[in-house]
Amino acid sequence: MSGRRDELAGNLAQVRARIADAAGRAGRSPEEVTLTVVTKFFPASDVRLLADLGVRHVGENRHQEAEAKAAECADLGLTWHFIGGLQSNKAAAVAAYADVVESVDRAKLLRGLSSGAHQRDHVVDVLVQVSLDTDPGDGGRAGVPPVDVERLAEQVAATEGLRLRGVMAVAPLGEDPLPAFAKLAEIAASVRSIEPSATWISAGMSGDLEAAVESGATHVRIGSAVLGSRPARR
Ligand SMILES: *Cc1c(COP(=O)(O)O)cnc(C)c1O
């Protein structure tokens, strides 16, 4: 177990140094960037070690796994980010344990999220997930097309129990992430014109966190660079 702790500590130090370097190059303070460690596929024991190493934000992308882990780690006081594809019939259950839902890509999810927030009597922070695919017809990644972002953001802002915080995106596969993240920064500005406090930009993963931080990301979602490569999907 101490071997695993040392491994995670070393990886975390490297990731934090990468964030600090990228922030420095962009003339930003590293404190402007929140590190969310994506713990999907890894056990609650790793979440515990990470909490002990100072991690406050964790991300999960599958409802059942996230719900179980959040319950097992409830004593740690962590902030849980849901970052995966959401089914509308699971939205209420997700909002019952998630503090932040980063993957809101359609209005159909809002009723369930609102009722889940209400059940736990807390406000859920919401990011609108934006598709940055240059060819959206290409079966690409999840997210709302840029032209539809403002409308969905307005709907989130108008929903009881939800707080519009900003935008999230994944860089398109196999493309230079910089122009994609620059586009995301423009979209984020248009969302701030609707809700000035919606200042979060969640972008950047293990492979492209530098491009994200240099493009203004306030949150990075890092899995494999901290935890190691994920076990094969069962
Ligand atoms: C898994 C995942 C991450 C983390 O990816 P790594 O490449 O392992 O850092 C980030 N964001 C989303 C949406 C993910 O599903």
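Residues numbered from 1 in each chain as written. Predicted model: local features only at pLDDT ≥ 70, side-chain atom pairs only at ≥ 80, totals over all residues. Heavy atoms only, no water.

Let's shift gears to helix α5 (residues 110–120). What α5 keeps buried is the set Leu-110, Gly-112, Leu-113, Ser-114, Gly-116 and Ala-117. Where α5 is buried, its residues meet α4 (91–95), β4 (100–104), β5 (124–129), α6 (149–157) and β6 (162–168). The positive-phi residue at the C-terminal boundary of α5 is Asp-121, with phi of around 55 degrees. (Buried < 20%, exposed > 50% of the residue type's maximum accessible area, 1.4 Å probe, protein only. Helix = DSSP H or I, 4+ residues; strand = E, 2+ residues; numbered from the N terminus. Contact = heavy atoms within 4.5 Å.)

Take the nonpolar core next. If you look at the biggest cluster of nonpolar residues, it comprises 71 residues, and the most contacted ones within it are Val-101, Val-104, Leu-113 and Val-226. Filtering out sequence-adjacent residues up to four positions away, Val-104 remains in contact with Leu-109, Leu-110, Leu-113, Val-126, Leu-127, Val-128, Gln-129, Leu-152 and Val-156. (Core = buried A, V, L, I, M, F, W, Y, C linked by side-chain atoms within 4.5 Å.)

The next thing to look at is the UniProt feature "modified residue: N6-(pyridoxal phosphate)lysine" (unreviewed entry) in the protein. Annotation from UniProt places "modified residue: N6-(pyridoxal phosphate)lysine" (unreviewed entry) at Lys-40. Setting aside its immediate chain neighbours within four residues, Lys-40 contacts Gly-59, Glu-60, Asn-61, Glu-65, Lys-69 and Arg-230. (UniProt positions renumbered as here; feature names shortened; annotations may be inferred.)

This brings us to the pairing of strand β2 (residues 57–60). Across 3 bridges, the pairing between strand β1 (residues 34–38) and β2 is parallel. Counterpart to Thr-36 in the pairing with β2 is His-57. Taken together, β1, helix α2 (residues 44–52) and β2 constitute a β-α-β crossover, and its handedness is right-handed. Bridge count between β2 and strand β3 (residues 79–82): 4 bridges; the pairing is parallel. Residue pairing across strands places Glu-60 opposite Phe-82, the latter belonging to β3. Assessed by its sense of winding, the connection that carries the chain from β2 through helix α3 (residues 63–72) to β3 is right-handed. (Pairing = 2+ DSSP bridges. Right-handed = clockwise from strand over helix to strand, strands pointing away.)

Close to the ligand lie Val-38, Lys-40, Ile-83, Val-170, Met-205, Ser-206, Arg-221, Ile-222, Gly-223, Ser-224 and Arg-230. With respect to the ligand, the side chain of Arg-221 contributes an N or O atom lying 2.9 Å from a nitrogen atom. In the environment of the ligand, an oxygen atom lies 2.7 Å from a nitrogen or oxygen atom belonging to the side chain of Arg-230. Relative to its unbound accessible area of 390 Å², the ligand is 88% covered by the protein chains. Looking at the shell around the ligand residue by residue, the classes come out as 5 nonpolar, 3 polar and 3 charged. (Near = heavy atom within 4 Å. Polar contact = N/O pair within 3.5 Å; in protein donor to acceptor, adjacent residues only side chain to side chain. Areas by Shrake-Rupley, 256 points an atom, 1.4 Å probe, with all protein chains shown as cover. Nonpolar A, V, L, I, M, F, W, Y, C, P; charged D, E, K, R; others polar.)

With that settled, the discussion passes to the environment of Val-191. Following the sequence through the fold, Val-191 ends up in helix α7 (residues 177–194). Under the relative-accessibility criterion, Val-191 is labelled buried at 1%. Along the sequence, Val-191 and Val-149 sit 42 residues apart, while their C-alpha atoms lie 7.7 Å from each other. Once you skip the residues sitting within four places of it in the chain, Val-191 turns out to touch Val-149, Ala-153, Leu-164, Val-167 and Ala-198.

Turning our attention to the packing of helix α1 (residues 2–25) against α2. Following both chains from N to C, one finds α1 and α2 inclined at 55 degrees, their axes separated by 10 Å at the closest point. One way to sum up the angle between α1 and α2 is to call them oblique. Like other packed secondary-structure pairs, α1 and α2 cross with a definite hand, here right-handed. Taking contact as the criterion, the partners of Arg-4, Arg-5, Leu-8 and Leu-12 in α1 are, on α2, Asp-46, Leu-49, Leu-50 and Asp-52. Taken together, the residues of the contact of α1 with α2 sort by class into 4 nonpolar, no polar and 4 charged. (Axes fitted to C-alpha atoms, helices over the stretch in contact; angles between N-to-C directions. Parallel < 35°, antiparallel > 145°, perpendicular 65-115°, else oblique. Left-handed = near helix turned anticlockwise from the far one by under 90°.)

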